[in-house]
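Residue-level listing of the chains:
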Amino acid sequence: MRYRTTFYSALSRLLMIELGEDEDRFERFMMPLADTFERVASQLAAVGSPVFPEEELKITFIGLCRDLQGVAYAFVGKTSFMMFFDWLYPRHMEVLHRCLTLWCHLPSVSTPLLKLMAEIVQNKQQRLQFDVSSPNGILLFREVSKVVVTYGSQMLSLQDMLPSEVYSVKYKGVAVTFQMLKYALSGNYVNFGVFRLYGDEALDNALNMFVKLVLSIPQSDLMHYPKLCQAYFSLLEIIAQDHMNFLSGLEPQIVMYLLSSVNEGLSSLEMSICTGCCATLDYVVTYVFKNLMKRKLTAASGSEETSPILRIVDLHPEVLQQMLSTIMNIIMFEDCRNQWSMSRPLLGLILLAEKHFEQLRDSVIRMQPADRQRAMDVCFQSLMDGVERTLLPKNRDRYFCVCLSD
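Everything numeric here is computed off the predicted structure, so don't read it as measured data. (Residues numbered from 1 in each chain as written. Predicted model: local features only at pLDDT ≥ 70, side-chain atom pairs only at ≥ 80, totals over all residues. Heavy atoms only, no water.)

Colleague: How should the nonpolar core be read in this particular structure?
Modeller: Soluble globular proteins tend to pack their nonpolar side chains together in the buried interior. By size, the foremost hydrophobic cluster in this structure holds 143 residues, and its most contacted members are Phe84, Trp87, Phe141, Phe178, Leu185 and Phe210. In contact with Phe141, not counting residues within four places along its chain, are Leu181, Ala184, Leu185, Val190, Phe192, Phe195, Ala202, Leu203 and Ala206. (Core = buried A, V, L, I, M, F, W, Y, C linked by side-chain atoms within 4.5 Å. Buried < 20%, exposed > 50% of the residue type's maximum accessible area, 1.4 Å probe, protein only. Contact = heavy atoms within 4.5 Å.)

Colleague: What am I meant to see in the state of the cysteines here?
Modeller: In a disulfide, the sulfur atoms of two cysteines are held together by a covalent bond. This model, assessed by the stated rule, comprises 0 disulfides. With no disulfide of its own, Cys274 has Cys278 as its nearest cysteine by sulfur position, at a separation of 4.5 Å. A relative accessible area of 5% means that Cys274 is categorised as buried. Between Cys277, a free cysteine, and Cys274, which holds the nearest cysteine sulfur, the sulfur-to-sulfur gap is 7.0 Å. For Cys277, a relative accessible area of 0% corresponds to the buried category. (Disulfide = S-S within 2.5 Å.)

Colleague: Whenever I open this one, the pattern of salt bridges confuses me. Can you help?
Modeller: Where side chains of opposite charge bring their charged atoms close, a pairing between them can arise. All told, the structure shown has 15 salt bridges when counted by the stated rule. Salt-bridge contacts for Arg25 lead to Glu18; the nearest nitrogen and oxygen are separated by 3.7 Å. Residue Arg25 is classed as partly exposed on the basis of its relative accessible area of 30%. A salt bridge links Glu27 to Arg91; the nearest nitrogen and oxygen atoms lie 4.0 Å apart. Of the two residues, Glu27 is situated in helix H2 (residues 23-44) and Arg91 in the loop between helix H4 (78-88) and helix H5 (93-103); the sequence distance between them amounts to 64 residues. Given a relative accessible area of 47%, Arg91 falls into the partly exposed group. Each member of the salt-bridge network shares a partner with another, and the members are Glu119, Lys124 and Arg127. (Salt bridge = Lys/Arg side-chain N within 4 Å of Asp/Glu carboxyl O. Helix = DSSP H or I, 4+ residues; strand = E, 2+ residues; numbered from the N terminus.)

Colleague: Explain the environment of Met161 to me, please; I cannot follow it from the model alone.
Modeller: Summarising the element assignment, Met161 is placed in the loop between helix H7 (136-156) and helix H8 (166-186). Assessed through its relative accessible area of 24%, Met161 is described here as partly exposed. Setting aside residues up to four positions removed in sequence, Met161 forms contacts with Val166, Val169 and Lys170.

Colleague: I'm lost on a nonpolar patch on the surface in this one. Help?
Modeller: A surface patch of nonpolar side chains, amounting to about 300 Å² of accessible area, comprises Met332, Phe333 and Met367. Topologically, Met367 is positioned in helix H19 (residues 354-367). (Patch = residues over 30% accessible without salt bridge, like charges linked within 9 Å, V, L, I, M, F, W, Y side chains within 5 Å. Areas by Shrake-Rupley, 256 points an atom, 1.4 Å probe, with all protein chains shown as cover.)

So, in structure tokens, the structure goes:
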């Protein structure tokens, strides 16, 4: 069954050789898949009746999803992929949602569907480019949000799974869901400000479901399964980059959990996870620093408005202090292979936790032999030479150069 994706990908590549903008030829190519959609839709009408052919329909639908994934994977050009998108949406999307609602508790059915959706929303080679007047980007994200909420709600209801089946039943699909949401959030074909402007809850529903799914997974499991771990941290990086207002508005204990997972990821042996955690932490630290500067300005004018993230940092300063300690330990005492990534959040952490940095500095100096303490002190002093108390790009680059020279 799984080779059907490869087979249809090969067929679609052959089609693209002479397809051009020939929509009639494309429709003829997709006709067997359209007929399968119609057959699935007609059989779904019999759900609940004694004649409902559930097992046969599941096999048909799994094959359909794998076939469509192969087609979507092969269509990397804008013209061919837009033909595919216009063929699929909205005409056949309802069938996908109905099947997910019916069988989302069955990984054999739900996983091929989730992989299909992840492939559709992945904007590789900028193939998803809608006209200025087209609402399709927003409508596509709505569909993604529906899938995330439907599947996530089912996963949250699962209880008492055996350790041997937890990955296949839950974590594998959750990892694909995180990957799908990451592709949708980072595709640059949706103006997410529109959702809150017009009271559309699709974005908030998807992000809130992400948080609920993360909280339902023990942190030890989150770090143990490589695909789940990679999908989680890559999605968290995108959310921290573009949706920090959402993260800062979460409950303090949730923010603390997310930050503790980032702190855990900083020590990961997997380079991509460690680098992603550094980027996530940099976005968080930059957001906190900017809001801290705004608070100082508003306090001078008599206003007492405070960002939610600042209240969390004020109540739990040890969170950023722990991350500062982690990064300093990695840079100074371990084989740090990505100093550039580590240096990005380091400057912000030092500016936000100066007293703790001074304590770390004094502790490190005392650990050195007496004849090397003076030299170590000079190194720490030179670390901030010429570096201003800002997080402007030019100042960051200057600090990084100082780090390398030391």
